[in-house]
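Remarks on the overall topology
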Amino acid sequence: MGKSYFRIVTKFQTDYSPSNITKYESQRTGMTAVVVDREGPKVHGFFALATEILDDSGAPHTLEHLCFMGSRSYPYKGILDRLATRAYSETNAWTATDHTAYTLDTAGWAGFSQILPVYLEHILFPTLTDAGCITEVHHIDGTGQDAGVVYSEMQGIQNTQDSLMNEKGNKMLYPESIGFRYETGGMMDALRVLAADRIRRFHKEMYQPKNLCVVIVGKVDHDDLLTVLDKFEDNIIADIPDPASPWRRPWVDSPPVPLLTKSSIATVEFPEKDESMGEVIVAFLGPDCMDPVSATAVDVMSMYLAGSSVSVLESNLVEIEDPWATSVRFYNEDRPNTVLWIQLTAVATEKLEAAEKKLFEVLKKTVDTPLNFAYLTDLIHRDRRQTKFYAETSGHSFSTPIITDHLFGKRDGSQLRENLENLSAYDELEKWDDKKWRDFMRKWLVDNHHVSILGRPSAKLVKKIEEEEKQRVADRVKTLGKEGLKELQDKLDAAKAENDKEIPPAVVGQFPVPGVDSIHFIKTTTVRAGLAVKDGKLDNHVQKIVDKDSIDLPLYLHYESVASEFVHVNLFVSTASIPVKLRPLMPIYWELFFDTPVMMDGVRVEYEKVVEQLEKDTIHLSITSGGYVDLPEAVRIRLQVEPAKYETAIKWLRTLLWDSIFDKKRIGITLSKLRSDIPDEKRQGKSMVHSVKNMVELAPESIGRAKDTLVKSKYLKRIDALLKEDPDAVIKQFEEFREAFCKLENIRILVIADLEKLKNPVSGWKSFADGRHFDGKLAPLDKRTDRLTSAGKNPGGVTNIVQMPTIDNTYSTHTCKGPSTYDDPQLPALMLALAYLGATEGPLWVAARGSGLAYGVYMSRNHNSGHLNFDVYRSPDAYKAFAAVKKVITDYANGTTPFDTNELEGAISRIVVSFADDEPNMSGAGTTSFIRQVVHGVPKDFNTEMLRRIKKVTVDDIRKALKDQVLACFDPERSNVVVVTAPIKANEIVEQFTKDGFKAELKHLKDFEDDYGLKYGLKDGEEEDEDEDDEDESGSEDGSDDESDDSEE
């Protein structure tokens, strides 16, 4: 290549990971690019602009959405994502208070390089049409209802507890002259009047090349990158503001944030029928985020104060018999005056004021007395280990500090290097003595002025918001009249027509699909030992190394060897042998697993010491369902450690499984926390819709049902009552649970590590199995298809419309039968059909999000349950989104709408991307190999064969898959439906689905609760305290749970 206009500002190699970092700056425009070179199949792009505004208009957020509506050279809505899909890429974006970032995730450099200039043009030269504003931001439809993608998004969060409290906190922290004060997402009343010209002015001010930083993490061709960027600048240089003209750098050149001159406290009401639980948040203005030592000290301080059950605030406020809260979170927002937040969750409403005072009592006592210095030192070491671990496993470990540097750091790259080249900040912190640490905590927390917000639930506010919204819309309809409403609908229809103009096939076709060989997948080597050898003896050099350490063990040992600096130890434990009546103990057992006393060498070790030692020995630990590995009915226990701690991790697993002590006090505290979290869980529409689905489709045998909020809401109350009256009976149940669960025959072990360097990979497990009984036969893998209700096995005829006064919009999920085996002959066609339909700016997107009917709609295949699912996420009217999508799919199925050849190629590319997403890093690659071979019984390179089969699929095959399988999700006789909705829309949605032939029933969350037959604590057959279940005056019910089977790698 010739001489580039991009000069190297700084270049260095990190000394804690195999990553090289280079910062470039354009001498023409001032645009910067920061590249983090690292191995892996994915190239991650983050295109960040500092964005600052002094109002709640939502211009930053709406602009983020509008940049995807077309650009100067590509003036077509959806063209960016159409082209990205062909290039093995996915786009996304987010708007924060201080910046907007656009993301590009690509499998391989070739695709990334191809789409990069198109994406950058969309950012710097978007079309920003009036029509785009109407559909994407806000509009009023022919019935007088408000809609629009951004409006629907903000409607779903504006009146939530978190949003209302954070908004109040920011208004108290900052005066009107400071941008950090404002809601950049946009308030609903402001979005209703936001004009396109306001957004255009904001773009002109903020979206300049000199304010843009292109961050790329992955395997990058630097010469090609600079060629692409130089050519891009050639095409825009004449049309951008003069780079030499004066320019105010957002945030850096803005007035400094005035420090608080006094502490203050305020109460915020949020809509909630259950008035039992509120929340407390406290905010402080802290140290400069660009000071690496202070920033790292904040991280360690947060771990010391609220990082685990033995941290100061957790042990004093949560892990007590009469807890002040169910958890304490300490988090921060990186800024020149970093905001330090402390959050007390699920605080009894009558204790809100006292809990806030108690928090400061504990903080003051902490800085007035000597710290647990040995534990604090361990936390410094643990945080260092985690930083190294994230550098290997997550691109965000680099992108986040690079974006922060772009926002607030020096342009010469000196602070970027200071923050990322090494981990010397930890060395400095290890020199701090007790006094220096206490002085740091005193300065920023105890002696520092603060703002406190008490979040108080209000049933009256639920009704007030509903009535005011009804009246506002009714007044509008009356004012507009039929003609006015028709004009608005005509305006909306015209905007949709303009936005949806067809993209010429030649425009898409000029971008070729890169070869799959441009994607660098991570290679793993499979090794087997113990009972896993029955799956087949392997002949590779690593197997031979491990065989030298092989001993006869009654354990299923599967290994994946990768060039990782860490060891990932996974246990997958069958739950089939647990008595069904005891399965609701699962969430309590999980909470206790790492947080309970144990016996070690015949001596009782209290939970505090257990937690401290676990934190010292591990990098991460978790216990969840096995959903991430397609075993949602199994339990996954995972420890991630340094190689030197491999055998220590094994010993811990044995101790935690068989030598833990079920202690009445610990069980009681855990129950109190779990119960207090339930009101908040039942407020979230996005998770409650799936909770109701679980109760409809999962049988009592399923742990997905047993651990659901709608079981916990009754069962935990009953088991808590029993614990108080007869603790021995509860402890006996836990002992019975463990005896049934913790059997060698239930356990499969996966170890992901560099086996050529790992000591005692097999013999290290001898201590785990010694003295444990094995009945000679490994338990079969748990299958969700075996644990479905009749409605789950044969969906159809079940439609539940559930009222939730805590939400302002609607969510729905629709279930029909789908394939449950990988040899299903229709699977390739179905995969291609779903990839085609679900593409960003594809048919489903255009039908729902593009029309402002929902923030998102998704079709997915659940192999574990043998289901297909259609989901509507955050919609003003889930039925309208459902109906629009049904029509689109029907038109494809019957041939009314033809399939686009370019988009079919893009759909195949999307499937390739999903393969890369499954194995983004070392541990992900090893886990994916295990899933294919062990869970699904297919070769580890099965995706190659599947891709070959997919490429043979014809259009007729796709149409058949749509008719036979996908459209079943929209058929009343072949699908189950759950909708959760604000009460104001409930009856209307029932009527709409009923007209479509669905047997729609109006329900409340309590109609789906299940106590698994545990009736203890009832009085005359009724609950003694039904506060959380009582209906309000309007007969509506609240709910939600953020239940997830998945655990990210």
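Residues numbered from 1 in each chain as written. Predicted model: local features only at pLDDT ≥ 70, side-chain atom pairs only at ≥ 80, totals over all residues. Heavy atoms only, no water.

1. Looking at the overall build of the protein
The helix and strand inventory of the protein stands at 38 helices and 30 strands. Relative to the compact-globule value of 31 Å for 1049 residues, the protein shows a C-alpha radius of gyration of 29 Å, a close match. On the principal axes, the C-alpha backbone points of the protein span a range of 75 × 70 × 65 Å. Residues classed as buried in the protein amount to 62% of the 1049 residues present. Taking contacts inside the protein between residues at least 6 apart in sequence as the whole, the part at least 24 apart equals 82%. For the protein, the exposed area adds up to about 39,400 Å²; of that, 49% sits on carbon and sulfur atoms. For the protein, the distance from the average site of its 129 positive side-chain charges to the average site of its 171 negative ones is 2 Å. (Helix = DSSP H or I, 4+ residues; strand = E, 2+ residues; numbered from the N terminus. Rg over C-alpha atoms; globule rule 2.2 N^0.38 Å. Buried < 20%, exposed > 50% of the residue type's maximum accessible area, 1.4 Å probe, protein only. Contact = heavy atoms within 4.5 Å. Areas by Shrake-Rupley, 256 points an atom, 1.4 Å probe, with all protein chains shown as cover. Lys, Arg positive; Asp, Glu negative; His and termini not counted. Charge placed at Lys NZ, Arg CZ, Asp CG, Glu CD.)

2. Some remarks on the pattern of salt bridges
Enumeration over the complete set of coordinates arrives at 67 salt bridges. Residues Glu233 and Arg28 are paired through a salt bridge, measuring 3.3 Å at the closest nitrogen-oxygen approach. A residue pair is termed long-range when its members are at least 10 positions apart, and Glu233 in helix 9 (residues 222-236) and Arg28 in the loop between strand 2 (20-26) and strand 3 (32-37) qualify at 205 residues. The shortest N-O distance in the salt bridge between Asp617 and Lys645 comes to 3.0 Å. On the criterion of sequence distance, the pair formed by Asp617 in helix 22 (residues 607-617) and Lys645 in the loop between strand 21 (631-641) and helix 23 (646-658) is long-range, its members being 28 residues apart. (Salt bridge = Lys/Arg side-chain N within 4 Å of Asp/Glu carboxyl O.)

3. Topic: helix 10 (residues 292-306)
A rise of 1.5 Å per residue sets the reference length of helix 10, with its 15 residues, at 21 Å; its end C-alpha atoms lie 21 Å apart and thus fit the reference within 8%. Where burial is concerned, most of helix 10 is hidden: 12 out of the 15 residues are buried. Along helix 10, the residues that are buried comprise Pro292, Ser294, Thr296, Ala297, Val298, Val300, Met301, Ser302, Met303, Tyr304, Leu305 and Ala306. (Expected span 1.5 Å × (residues − 1).)

4. Remarks on helix 36 (residues 942-950)
Inspection of helix 36 places Phe942, Asn943, Met946, Leu947 and Ile950 among the buried residues, and these make up the whole buried set. Mapping the buried residues of helix 36 onto a view down its axis gives an arc of 135°, with all of them on the same face. Of the surrounding elements, those touching the buried residues of helix 36 are helix 31 (827-837), helix 34 (901-918) and helix 35 (922-935). (Arc of directions from axis to C-beta.)

5. A few points about the sheet that holds strand 10 (residues 264-271)
The 5 strands are arranged 10-14-11-13-12 in an open sheet whose pairing can be described as mixed. In this open sheet, the two strands that pair with only one neighbour each are strand 10 and strand 12 (327-333). Adjacent strand axes in the sheet meet at a mean angle of 20° when their direction is disregarded. Where strand 12 and strand 13 (residues 339-348) come together, 7 bridges link them in antiparallel fashion. Within the sheet, the bridge partner assigned to Tyr331 lies in strand 13 and is Trp341. Contacts from helix 10 reach strand 12 and strand 13 within the one sheet, and its direction differs from that of strand 12 by about 170°. In the packing of helix 17 (residues 434-446) onto the sheet, contacts are made with strand 11 (277-285), strand 12 and strand 13, and the angle to strand 11 comes to roughly 115°. (Pairing = 2+ DSSP bridges. Axes fitted to C-alpha atoms, helices over the stretch in contact; angles between N-to-C directions.)

6. A closer look at the environment of Lys470
Note that Lys470 resides in helix 18 (residues 459-499). Lys470 gets classed as partly exposed once you look at its relative accessible area, which sits at 45%. For the pair Lys470 and Phe398, spaced 72 residues apart in sequence, the C-alpha to C-alpha distance is 47 Å.

7. Examining the environment of Asn372
Tracing the backbone through its elements, the reader meets Asn372 in the loop between helix 12 (352-368) and helix 13 (373-393). Considered as a pair, Asn372 and Val312 are 60 residues apart in the sequence and their alpha carbons are 9.6 Å apart. With near-sequence residues (within four places) excluded, Asn372 lies in contact with Tyr304 and Glu612.

8. Observations concerning the pairing of strand 2
Counting buried positions over the 7 residues of strand 2 gives 6, a clear majority of the element. Where strand 1 (residues 6-13) meets strand 2, 7 bridges bridge the pair, whose relative direction is antiparallel. Each residue of the ladder has a partner; that of Lys11, found in strand 2, is Thr22. Counting the residues between successive antiparallel strands, the hairpin from strand 1 to strand 2 contains 6 residues. Strand direction decides the pairing type here: strand 2 and strand 3, joined by 6 bridges, are antiparallel. Of the residues in strand 3, the one forming a bridge with Glu25 is Thr32. Here strand 2 hands over to strand 3 after 5 residues, with Gly30 in that stretch at a positive phi of 85°.

9. Description of the packing of aromatic side chains
Throughout the structure, instances matching the rule amount to 41 aromatic pairs. In this structure, Arg28 packs its charged tip against the face of Tyr5, placed 3.9 Å from the ring centre. In this structure, Arg849 packs its charged tip against the face of Tyr855, placed 4.5 Å from the ring centre. (Phe/Tyr/Trp six-rings, centres within 6.5 Å; stacked < 30°, edge-to-face > 60°. Lys NZ or Arg CZ within 6 Å of the ring centre and 35° of its normal.)

10. Section: the pairing of strand 11
The side chains of a regular strand alternate between the sheet's two faces. Counting buried positions along strand 11 yields 9 of 9 residues, so the element is predominantly enclosed. Burial of the side chains of strand 11 extends over both faces: Met277, Glu279, Ile281, Ala283 and Leu285 are buried on one face and Gly278, Val280, Val282 and Phe284 on the other. Strand direction decides the pairing type here: strand 11 and strand 13, joined by 8 bridges, are antiparallel. When the sheet's bridge partners are listed, Val280 is paired in strand 13 with Leu344. Pairing analysis gives 6 bridges linking strand 11 to strand 14 (residues 450-458), with the strands arranged antiparallel. Following the sheet pairing, Phe284 is matched in strand 14 by His450.

11. Points about the sheet that holds strand 2
The strand order 1-2-3-9-4-6-5 describes an open sheet built from 7 strands, whose pairing is mixed. Either end of the sheet is taken by a strand with one partner, and the two such strands are strand 1 and strand 5 (89-95). Between one strand and the next, the sheet's axes are offset by a mean angle of 15°, whatever the strand orientation.

12. A word on the packing of helix 21 (residues 586-593) against helix 24 (residues 664-681)
Between helix 21 and helix 24, whose axes approach to 10 Å, the crossing angle comes to 115°. By crossing handedness, the relation of helix 21 to helix 24 is classed as right-handed. The residues of helix 24 that touch helix 21, namely those facing Pro587, Ile588, Glu591 and Leu592, are Arg666, Ile667, Thr670, Leu671, Lys673 and Leu674. Here the contact of helix 21 with helix 24 is built from residues that sort into 6 nonpolar, 1 polar and 3 charged. (Left-handed = near helix turned anticlockwise from the far one by under 90°. Nonpolar A, V, L, I, M, F, W, Y, C, P; charged D, E, K, R; others polar.)

13. Section: the side chain of Gln343
Here Gln343 lies in strand 13. Note on Gln343: relative accessible area 6%, which makes it buried. Within the structure, Gln343 has its side chain in polar contact with the side chain of Glu279 (distance 2.7 Å). (Polar contact = N/O pair within 3.5 Å; in protein donor to acceptor, adjacent residues only side chain to side chain.)

14. Some points on the packing of helix 31 against helix 34
Two numbers describe how helix 31 lies on helix 34: the axes approach to 8 Å, and their chain directions differ by 105°. Relative to helix 34, helix 31 is oriented roughly perpendicular. Contacts between helix 31 and helix 34 involve Met831, Leu832, Leu834, Ala835 and Tyr836 from the first element and Glu903, Leu904, Ala907, Ile908, Arg910 and Ile911 from the second. Of the residues belonging to the contact of helix 31 with helix 34, the class tally is 9 nonpolar, no polar and 2 charged. (Parallel < 35°, antiparallel > 145°, perpendicular 65-115°, else oblique.)

15. Notes on the environment of Thr670
Summarising the element assignment, Thr670 is placed in helix 24. As for Thr670 and Gly179, which are separated by 491 residues in sequence, their C-alpha atoms are 41 Å apart. Residues contacting Thr670, with those up to four places away along its chain left out, are Ile588, Glu591 and Leu592. A distance of 2.8 Å separates a polar side-chain atom of Thr670 from the backbone oxygen of Arg666.

16. Some details on the side chain of Gln161
Mapped onto the elements of the fold, Gln161 is located in helix 6 (residues 161-173). Judged by its relative accessible area of 7%, Gln161 is buried. Within the structure, the side chain of Gln161 is placed 2.8 Å from the side chain of Arg683, a separation counted as a polar contact. In this structure, Gln161 is in contact with Phe270, Glu279, Asp680 and Arg683, ignoring residues within four places of it in sequence.

17. Digging into unusual backbone geometry
If you check the backbone angles, Ala346 has positive phi at about 50° while not being a glycine. Along the polypeptide, Ala346 turns up in strand 13. For Ala346, a relative accessible area of 11% translates into the label buried. The residue Tyr1012 is not glycine, and still its phi comes out positive at about 55°.

18. Section: the confidence of the model for the protein
Scored by pLDDT, the protein comes out at a mean of 93, with 97% of its residues at no less than 70. Per-residue pLDDT stays below 50 along residues 1026-1049; that stretch engages in 103 contacts with residues further than four places along the chain or on separate chains. (pLDDT = per-residue confidence, 0-100.)

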